[in-house]
Amino acid sequence: MQVKVEKNDLVKVKADLLVVNLFAGVRKPGGATGAVDRALGGYLAKEIAETGFSGKEGETLLLPTQGKIPAKRVLVIGLGEPKNFSQERVRRVAALAVKKAAQLKQRRVATILHGAGIGGLSAKDAARAIVEGSQLALYQYDKYKEKQKQERKQKQQQKQELVIVESDNLKFRAV
């Protein structure tokens, strides 16, 4: 999987899957998730309320964007309680996102810097945790597998791309 950092407005990024987050107990999305919700005309907030999405750690909500933004789908991942937030949780969120993307056969995945806002992490630490989590999630020990299966897997992973999107100049430069 290739990892890139892109300076862009989140709602203008072309991707198969756009990954955002929500802390537990939050009913109205803010920050980057709120920006996506506004671009979708409140659809995210409506679905969060209707499905009972609580934001607990690891909970997911997958929604189509209905052509309102360039990304085809949005994946909201629960971050759990803010008081327990850490880089390790960002690693787990990134791992969950790339695993879900692989299951859905999504080639270009765009994500925010989880935790670099109200989570209190520096942009550099958040980016590092995203890269670590995504790479570890895709690792498979395959020394004893057939050579053809290994080559097929490598080709598939080379086609996948994870794009960390940030619009803030200071955060972008820090990454």
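Everything that follows concerns the structure shown earlier in this document.
A brief report on the enclosed structure follows. In every chain, residue numbers begin from 1 and rise along the written sequence. Under the rules for a predicted model, residues below a pLDDT of 70 receive no local features and side-chain atom pairs below 80 are neither given nor counted, while totals for whole chains, interfaces and linings still include all residues. The side-chain values count all of the structure's non-hydrogen atoms but skip hydrogen atoms and water molecules.

## Some points on the packing of helix 1 (residues 31–39) against helix 2 (residues 43–51)
The contact between helix 1 and helix 2 brings their axes to 6 Å, and the two run at 105 degrees. With respect to helix 2, the element helix 1 is oriented roughly perpendicular. Here Thr33, Val36 and Asp37 of helix 1 come into contact with helix 2, specifically with Tyr43, Leu44 and Ala45. Classifying every residue of the contact of helix 1 with helix 2 by side-chain character gives four nonpolar, one polar and one charged. Between N-to-C directions, angles cover 0 to 180 degrees, with each direction set by a line fitted to C-alpha atoms, over the stretch in contact for helices. Numbering of helices and strands runs from the N terminus, with a helix taken as a DSSP run of H or I at least four residues long and a strand as a DSSP run of E at least two residues long. Here is the rule for angles: anything less than 35 degrees is roughly parallel, anything more than 145 is roughly antiparallel, 65 through 115 is roughly perpendicular, and the remaining ranges are oblique. Should any heavy atoms of two residues lie within 4.5 Å, those residues are counted as being in contact. Ten residues, namely Ala, Val, Leu, Ile, Met, Phe, Trp, Tyr, Cys and Pro, are considered nonpolar, four, namely Asp, Glu, Lys and Arg, are considered charged, and the remaining ones, Gly among them, are considered polar.

## What about the sheet that holds strand 4 (residues 73–80)?
Should DSSP find at least two bridges between two strands, the strands are taken to pair. Spatial ordering of the open sheet is given by 1-6-5-2-4-3, a layout of six strands whose pairing is mixed. Here the strands that pair on one side only, and so sit at the sheet edges, are strand 1 (2–7) and strand 3 (60–64). Here the strands of the sheet are splayed against their neighbours by 25 degrees on average, with no regard to which way each runs. Pairing geometry for strand 2 (residues 17–23) and strand 4, over seven bridges, is parallel.

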